[in-house]
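One-letter residues, chain by chain:
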Amino acid sequence: MSRVAVYPGTFDPVTNGHLDLAERGLRHFDRLVIAVLGNEEKRPLFSVDERIELLHEATHGWSGIEIESFDGLLVHFARRVGAQVILRGIRAASDFEYEMQMAMMNRKLEPELETVFLVPSEAYSYVSSRLVREVAKLGGEADRLVPPNVARALNAKLSRG
Ligand code: PNS
């Protein structure tokens, strides 16, 4: 049986930390489905189509990776794509409480689905999409924290290109 994991998130935008985690995930799973939350209530900087495009560009040539959007419950999406595992990253203790709550809720909803946590490289332990957006909005350089296509997209979006 092929091992399938879903790696869900908002990815607004994808960072080098996300890519590091996805690469680590691919070492353990045959298929890794990156699931981009479509919910526009979070008022994302990038539309879901833009976030998916940025992920496609950033993972170009990777094998075993798929990128899709989802709405509604993650466990329903996971079942639809045949995943046995939800993959999430934990950067620091501060991530733990939120991640634990989500993992428990998802287990309550779908006991067969396991949440697996991986730890990204320490080089990215402080990187988050929220801080990347903030730094870029305030005129700082987000490169090296995000792939080059995302740095360009941030510049273009914030009219500094
Ligand atoms: O990158 P994020 O924003 O921390 O990702 C959060 C995400 C998308 C994983 C989470 O909000 C989610 O799974 N949303 C789907 C709705 C859902 O299934 N909620 C119940 C489980 S807690």
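In what follows, the structure referred to is the one given above.
None of these values were measured; they are calculated from a predicted model. (Residues numbered from 1 in each chain as written. Predicted model: local features only at pLDDT ≥ 70, side-chain atom pairs only at ≥ 80, totals over all residues. Heavy atoms only, no water.)

So, about the packing of helix H2 (residues 48-58) against helix H6 (residues 148-157). Where H2 contacts H6, the axes come no closer than 9 Å and their chain directions differ by 150°. As the angle between them shows, H2 and H6 are arranged roughly antiparallel. Between H2, through Glu50, Leu54, Glu57 and Ala58, and H6, the contact on the second element is made entirely by Asn149, Val150, Ala153 and Lys157. Within the contact of H2 with H6, the residues separate by chemical class into 4 nonpolar, 1 polar and 3 charged. (Axes fitted to C-alpha atoms, helices over the stretch in contact; angles between N-to-C directions. Helix = DSSP H or I, 4+ residues; strand = E, 2+ residues; numbered from the N terminus. Parallel < 35°, antiparallel > 145°, perpendicular 65-115°, else oblique. Contact = heavy atoms within 4.5 Å. Nonpolar A, V, L, I, M, F, W, Y, C, P; charged D, E, K, R; others polar.)

Looking at the largest pocket, its volume works out to about 1,100 Å³. Gly9, Thr10, Lys42, Arg88 and Tyr98 are the residues nearest the centre of the largest pocket, which is lined by 43 residues in total. Taken together, the elements giving at least two residues each to the lining of the largest pocket come down to strand S1 (4-9), helix H1 (16-26), strand S4 (85-89), helix H4 (93-109), strand S5 (114-118) and helix H5 (129-137). Counting residues per element, the lining of the largest pocket draws most heavily on H4, at 9 residues. Taken together, the residues that form the lining of the largest pocket break down as 21 nonpolar, 12 polar and 10 charged. (1 Å grid on protein atoms, 1.4 Å probe; cavity = no way out; pocket = protein on both sides within 12 Å on 5 of 7 lines; lining within 4 Å. Points joined across faces, edges and corners; volume = space filled by probe spheres on them.)

The next point concerns the site of the ligand. Around the ligand sit 13 residues, and of these Thr10, Lys42, Leu74, Arg88 and Asn106 come closest. Between the ligand and Thr10 there is a distance of 2.6 Å, counted from an oxygen atom to a side-chain nitrogen or oxygen. In the complex, the protein chains occlude 76% of the 550 Å² of accessible area that the ligand would expose alone. Most atoms of the ligand, that is more than half of them, are within 2 Å of grid points of the largest pocket. Those elements that place two or more of their residues in the shell around the ligand are S1 and H4. Per-element accounting of the shell around the ligand gives the leading share, 3 residues, to H4. Looking at the shell around the ligand, its residues break down into 7 nonpolar, 4 polar and 2 charged. (Near = heavy atom within 4 Å. Polar contact = N/O pair within 3.5 Å; in protein donor to acceptor, adjacent residues only side chain to side chain. Areas by Shrake-Rupley, 256 points an atom, 1.4 Å probe, with all protein chains shown as cover. Sits in = over half its atoms within 2 Å of the grid points.)

The final tally for this structure, using the stated rule, is 2 aromatic pairs. Taking 5.5 Å as the distance between ring centres and 40° as the angle between the ring planes, the aromatic pair formed by Phe70 and Phe77 counts as tilted. The exposure class assigned to Phe77 is buried, which follows from its relative accessible area of 2%. (Phe/Tyr/Trp six-rings, centres within 6.5 Å; stacked < 30°, edge-to-face > 60°. Buried < 20%, exposed > 50% of the residue type's maximum accessible area, 1.4 Å probe, protein only.)

We now examine H1. With 9 of its 11 residues buried, H1 lies for the most part within the structure. Where H1 begins, the side chain of Thr15 points an oxygen toward the backbone nitrogen of Gly17, at a separation of 3.2 Å.

Attention now moves to the nonpolar core. Core analysis: the biggest nonpolar cluster contains 33 residues, and Tyr7, Leu32, Ile34, Val36, Leu55, Val132 and Leu154 have the highest contact counts within it. Mapped onto this core, the elements with two or more residues apiece are S1, H1, strand S2 (31-37), H2, strand S3 (65-70), S4, H5 and H6. A total of 5 residues in this core trace back to one element, the largest contributor, which is H2. (Core = buried A, V, L, I, M, F, W, Y, C linked by side-chain atoms within 4.5 Å.)

As enumerated under the stated definition, the model contains 10 salt bridges in all. One salt bridge connects Arg31 with Glu66, and the closest N-O pair in it is separated by 2.7 Å. Here the residue Arg31 occupies a position in strand S2, and Glu66 occupies one in strand S3, the gap between them amounting to 35 residues. Take Arg31: its relative accessible area is 26%, and that puts it in the partly exposed class. The exposure class of Glu66 is partly exposed, given its relative accessible area of 25%. Across the salt bridge formed by Arg130 and Glu134, the nearest N and O atoms sit 3.8 Å from each other. Of the two residues, Arg130 and Glu134 both sit in helix H5, 4 residues apart, roughly one turn of that helix. (Salt bridge = Lys/Arg side-chain N within 4 Å of Asp/Glu carboxyl O.)

These values are about where atoms sit, not about what they do.
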